[in-house]
Amino acid sequence: MTSTTRLTVAQALVRFLSAQYTERDGTRHRLIGATWGIFGHGNVAGIGQALVEYGDVMPYHQGRNEQAMVHAAVGYARQSGRLSTHAVTTSIGPGATNLVTGAALATINHLPVLLLPGDVFAARPADPVLQQLEVPYAGDVSVNDCLRPVSRYFDRITRPEALIPSALQAMRVLTDPVETGAVTLALPQDVQAEAYDWPEEFFAERTWVVRRPGADPTELAEAVRAIRGARRPLLVAGGGVHHSRAEAALAEFAAVTRIPVASTQAGKGSLRFDHPQDVGGVGHTGTATADELARTADLVIGVGTRYTDFTTASGTLFAHPDVRFLNLNIAPYDGHKLAGMPLIADARSGLMELTAALDMHAYRAGASYVAEYTEDKERWEQRVDACYEADEPDVRPTQPQVLGVLDALVDESDVIINAAGSLPGDLHKLWRARSRDQYHLEYGYSCMGYEIPAAIGVKLAAPERRVWALVGDGTYLMMPTEIVTAVQEGVAIKVLLVQNHGYASIGGLSEETGAERFGTAYRHRAADGTFIGAPLPVDLAANAASLGMRVLRAKTVSDLREALAEARDADTPTCVYVETQTADTVSGPPPAQAWWDVPVAETASRPSAVKARELYERHVSTRRRHL
């Protein structure tokens, strides 16, 4: 006779989650490391009570914004190599819908997070209940259905026994390197509190093996032939290199073959910046070295990349008339992009197999090709030095100089987090990544507000690391709330807050596309109705201090050096606030080395838009489809 235990659905779920593990390469990790939660009537008596009941096996973190809690969980998951993550519980209504943005970010970036929103009564004793969305044509729809398109797995648990197969499917998706992303189990508030006799086997420890599939022999042979036949091969490293922990395998591949390696935003840091084959970021925000190699490459080897428009320069970058693509990817969907030759495998396994096969054939990129990209890289590094250099230490820094001061201070143990604004472009071009996980850019969704909560998640996953959230004023105003969480829990993140009085990157893009920086500056409204008055008297440093954070203000380059050094050594949450020069320009680094398609008005009366359209049409004419 099967032994059972009588628990509520919420209690059973928390106990089940505490017994789930992952294993890869012989190392075991707890899958759900903790649960974040904001409580309301939709989850306080269910999941909330269960977390009290099982507080000894399921740690709890108190958040301030539901979207931010997902960002923190995602930051934790990424730092943990997708082998561990957090759960997030919310009430019904706005608490649940606040999850949607975070869920989209997780799914787009292939990062696991478990969402547990409360839901309306399954038994419908009172209809509608507080915060319920009434849908006249369907009785089984709630606001949680908004989470369906942004979740890799979604289920609504309307009966206790339905939790068993659903929970197991949820774990399967969270641990699948191809399918992983946001997983949502919507929990009606009455079902959460309902008791059931659960089989004890449901609570047994389970270990989910994260697989490393090797390449198909036929695909591997074709890949080797393609590489051996290429004169100007270029490898593009994407986020899949990091997810697979394939950095050492990539370094070995590059050293053996001498093929240059460019990186997407997600893949930057796959090689150290000083590796001989590293040529920097590729695409719209890439380096001149990498982008010129991309334009002339006859074979592009994509490893763990989705080939977004920033990487391909909206289909204009890979310009060689005979260019072909070889795509090493664990996901068949991405492996077949750009009509490429698929090499469906785990990034580390595939790179190791490629290296062995090419070394057996004594394959090496040509000496003249190596000399060409080595010299180009040296020239680019000189441009980086020029951007970082501050000739006058007692004046307000530019944004690249801010990064230069930080670059000179950190070592491979620091983690740099960013997601939106003008900083991603500057960082992709200029930052010198020193370790595989130092460079943490969320650019799949480029979500303003990600940085501070993600920094908390990263610090929870790696408490020994120094973790920096780099935010502009626009991003800061979107979501500073989790500063309170960092202060409450003593999570010693460092926030570098750059004030440039508006949306600098979109202001520059607006000017380029004929929209004349409309609505992108944080300034008083002028007499003519436009926002071209004086900067708003907003003191973001005072705001951060009011939330409990220690704040250091820096007015000059010299001040900044001292403040950043002090913040780096701090063992409490610390913010460095600096106002940069040139608020009316993007940032002052080298301009974009490749195009990005943002459609310009086809008809307009204003000269700026007419001129922008002419330039747009010239760029569009260079686009090609790779078939």
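Quick look at the structure, then. Keep in mind the model is a prediction, meaning the values are calculated, not measured.

When its secondary structure is counted, the protein chain shows 24 helices and 23 strands. Here the C-alpha atoms of the protein chain give a radius of gyration of 25 Å, agreeing with the 25 Å that 2.2 N^0.38 yields for 627 residues. With the C-alpha coordinates aligned to their principal axes, the bounding extent of the protein chain is approximately 75 × 70 × 55 Å. Looking at the 627 residues of the protein chain, the share that counts as buried comes to 58%.

Next up on the list: helix α10 (residues 247–257). When we look at burial in α10, the residues that qualify are Glu 247, Ala 249, Leu 250, Phe 253, Ala 254, Val 256 and Thr 257. On its buried face, α10 is in contact with α8 (217–228), β12 (233–237), α9 (239–243), β13 (261–263), β15 (299–303) and α14 (347–360). One or two positions beyond α10, positive phi appears at Arg 258, with a value near 65°.

Read from one edge to the other, the open sheet built from 6 strands follows the order β19-β18-β20-β21-β23-β22, with strand pairing classed as parallel. The two strands at the open ends of the sheet, each matched to only one other strand, are β19 (439–441) and β22 (550–554). Sheet twist, expressed as the mean angle between neighbouring strand axes with direction ignored, is 20°. Here helix α18 (residues 451–461) sits on the sheet and contacts β18 (414–418), β19, β20 (466–472) and β21 (494–499); the angle it forms with β20, its principal contact strand, is near 175°.

We now examine the nonpolar core. Within the largest apolar cluster, 53 residues are counted, with the highest numbers of intra-cluster contacts made by Ile 227, Leu 235, Phe 253, Ile 301 and Leu 351. Ranked by size, the runner-up nonpolar core spans 46 residues in total, among them Ala 104, Val 150, Ile 456 and Ile 493.

Let us look at the sheet that holds β13. Taking strand neighbours across the sheet as the criterion, the 6 strands line up as β14-β13-β12-β15-β16-β17 in an open arrangement whose pairing is parallel. Each of the sheet's edge strands pairs with one partner strand only, and the pair in question is β14 (278–281) and β17 (341–344). Within this sheet the neighbouring strands show an average axis-to-axis angle of 20°, counted without direction. Strand direction decides the pairing type here: β12 and β15, joined by 5 bridges, are parallel. Following the sheet pairing, Val 236 is matched in β15 by Gly 302. Contacts from α8 reach β15, β16 (324–329) and β17, with the element oriented near 125° to β17. On the sheet, α10 packs against β12, β13 and β15 and is oriented at approximately 170° with respect to β12.

Right, let's get into a negative patch on the surface. Taken together, the side chains of Glu 389, Asp 391, Glu 392 and Asp 394 make up a negatively charged region of the molecular surface. Relative to the helices and strands, Asp 391 resides in the loop between α15 (367–388) and α16 (399–409).

Right, let's talk about the pattern of salt bridges for a bit. Going through the model one piece at a time under the given rule, you end up with 31 salt bridges. Across the pair Arg 156 and Asp 119 runs a salt bridge whose closest N-O atoms are separated by 2.7 Å. Here the residue Arg 156 occupies a position in strand β8 (residues 153–156), and Asp 119 occupies one in strand β7 (residues 113–119), the gap between them amounting to 37 residues. Both residues of the pair, Arg 156 and Asp 119, belong to the buried class. With a shortest N-O distance of 2.9 Å, Asp 539 and Arg 553 are connected by a salt bridge. Highlighted residues: Asp 539 in the loop between α21 (504–512) and α22 (540–546) and Arg 553 in strand β22, separated in sequence by 14 residues.

This paragraph deals with unusual backbone geometry. Between Asp 127 and the following residue, Pro 128, the backbone shows a cis peptide bond with an omega angle of 10°. Positive phi, normally seen in glycine, also occurs at Asp 25, with a value near 55°. By the element assignment, Asp 25 lies in the loop between β2 (20–24) and β3 (27–30). Overall, Asp 25 belongs to the partly exposed group, its relative accessible area being 46%.

Take a nonpolar patch on the surface next. A cluster of nonpolar side chains, contributed by Phe 39, Val 44 and Tyr 60, occupies part of the molecular surface with about 240 Å² of accessible area. Position of Phe 39 among the secondary structure elements: in the loop between β4 (32–37) and α2 (44–53). A residue is classified by how much of its surface remains accessible, and Phe 39, at 34% relative accessible area, is partly exposed.

Rules used in this analysis
Residues numbered from 1 in each chain as written. Predicted model: local features only at pLDDT ≥ 70, side-chain atom pairs only at ≥ 80, totals over all residues. Heavy atoms only, no water. Helix = DSSP H or I, 4+ residues; strand = E, 2+ residues; numbered from the N terminus. Rg over C-alpha atoms; globule rule 2.2 N^0.38 Å. Buried < 20%, exposed > 50% of the residue type's maximum accessible area, 1.4 Å probe, protein only. Contact = heavy atoms within 4.5 Å. Pairing = 2+ DSSP bridges. Axes fitted to C-alpha atoms, helices over the stretch in contact; angles between N-to-C directions. Core = buried A, V, L, I, M, F, W, Y, C linked by side-chain atoms within 4.5 Å. Patch = residues over 30% accessible without salt bridge, like charges linked within 9 Å, V, L, I, M, F, W, Y side chains within 5 Å. Areas by Shrake-Rupley, 256 points an atom, 1.4 Å probe, with all protein chains shown as cover. Salt bridge = Lys/Arg side-chain N within 4 Å of Asp/Glu carboxyl O. Lys, Arg positive; Asp, Glu negative; His and termini not counted. Charge placed at Lys NZ, Arg CZ, Asp CG, Glu CD.

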